[in-house]
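Spelled out, the chains give:
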Amino acid sequence: MRIGFIGLGNMGGHMARNLITSGYPVVVHDTREQAAAEHLGLGAVWAPTAADCAAQSDVLITMLPTPRIVEDVMLRGGAAAALDSTALWIDMSTSTPAAARRVLTEVLDARGIRMLDAPVSGMARGARAGALQIFAGGEADDFARALPLFQVMGDHEKIMHVGGAGTGYTVKLALNLLWFCHLIATSEVLGMGVKAGVDLGVLRNSLLASPAASHFLENDLLSVLADGDYDDSFAMVLACKDLGLAVDLGRDVGVSTELSALVEQIYRRAKAQYGDHAGEMTPVRLYESLAGKDFRLPAPTGSTTVSPMTA
């Protein structure tokens, strides 16, 4: 089974490498040929265009930044038309059901080509370790065909078939939206408490001992609290894109998203202040500024730092 992989960025580069080192024959394409240098050194084959990559693939995986780029690659770049009728397309981008439907309607449906939407969670370090969470939407037979590939890229216990076509995208947008809401709410609470004179560590421990405890406060925020790491492996421009997609999805299905829209506005304010390429946890800095100090925990006795825990 020859795998085509398009999109060798912070996530896709690691995912493609794991497939190669697991023994799969992989054809790769990216807008930047230099992004494939490591993969070619490991034995991958370079495809000069997206269509060339698709034409050589039994399974084509796309891992791209936006729905528009997915459509550009699959439709205007000719990848969908170049796929064999027996091929399977797996889009692992954070995209939307509407974008996939356009590709399916315009090209794939008429030729009977199968498709899964299978976005991921776990950040770049999860992609590097082959420990991603994967949410797959589509037919059960197609999920079974793709499962060995997912097990190379993801944590076996966190690979989920979540329903029919489009449900993978929906679950991923919901996950991102709730995570971003956690970040803003937690930052607001910490800023208020610290500004009112409560020690940051005492406040955090009190919250963790209460019904308000969360995985975000206990684990994800440690990268900021311990090391001042705002996770620049996922840029603010992409976080704002995902928030916009989630708010749009709510509107499309008729569910009001007042809180989500406010969180999106705060994220966009942080992007304007700190830049498109600042890390996805950068909105914390807005509340650090309001509190008049950075949110940092002291290093434990006998250690110089506290390593952040993987989300």
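In case you missed it, the structure is sitting above this.
Residues numbered from 1 in each chain as written. Predicted model: local features only at pLDDT ≥ 70, side-chain atom pairs only at ≥ 80, totals over all residues. Heavy atoms only, no water.

A. How the structure looks around the overall build of the protein chain. Along its length, the protein chain carries 15 helices and nine strands. The C-alpha radius of gyration of the protein chain comes to 21 Å, within 12% of the 19 Å expected for a compact globule of 311 residues. Principal axes of the C-alpha set define a box for the protein chain whose edges measure 65 × 50 × 35 Å. Evaluated residue by residue, the protein chain yields a buried proportion of 52% over its 311 residues. Accessible surface for the protein chain amounts to roughly 13700 Å². Of this, 54% is attributable to carbon and sulfur atoms. (Helix = DSSP H or I, 4+ residues; strand = E, 2+ residues; numbered from the N terminus. Rg over C-alpha atoms; globule rule 2.2 N^0.38 Å. Buried < 20%, exposed > 50% of the residue type's maximum accessible area, 1.4 Å probe, protein only. Areas by Shrake-Rupley, 256 points an atom, 1.4 Å probe, with all protein chains shown as cover.)

B. The arrangement of unusual backbone geometry in detail. Residues other than glycine seldom take positive phi values, yet M123 does so here, at roughly 65°. By the element assignment, M123 lies in helix α7 (residues 123–129). We classify M123 as buried; its relative accessible area is 15%. If you check the backbone angles, D231 has positive phi at about 60° while not being a glycine. The topology assignment puts D231 in the loop between α12 (222–227) and α13 (236–253).

C. Structural detail: the pattern of salt bridges. What the rule picks out here adds up to 13 salt bridges. Salt-bridge contacts for D142 lead to R114; the nearest nitrogen and oxygen are separated by 3.0 Å. Within this pair, whereas D142 is found in helix α8 (residues 140–153), its partner R114 is found in strand β6 (residues 114–117), the two being separated by 28 residues in sequence. Judged by relative accessible area, R114 falls into the partly exposed class, the value being 36%. We note a salt bridge from D248 to R251, for which the minimum N-O separation is 3.0 Å. You can see D248 and its partner R251 sitting in helix α13, three residues apart, about one turn around the helix. Connected through shared salt-bridge partners, R68, D72 and R76 make up one network. (Salt bridge = Lys/Arg side-chain N within 4 Å of Asp/Glu carboxyl O.)

D. Seen up close, the side chain of D242. Considering the arrangement of structural elements, one finds D242 in helix α13. Excluding its chain neighbours within four sequence positions, the residues that come into contact with D242 are T94, L173, N176, F180 and F234. (Contact = heavy atoms within 4.5 Å.)

From the geometry alone we can't say anything about function, so treat these as descriptive.
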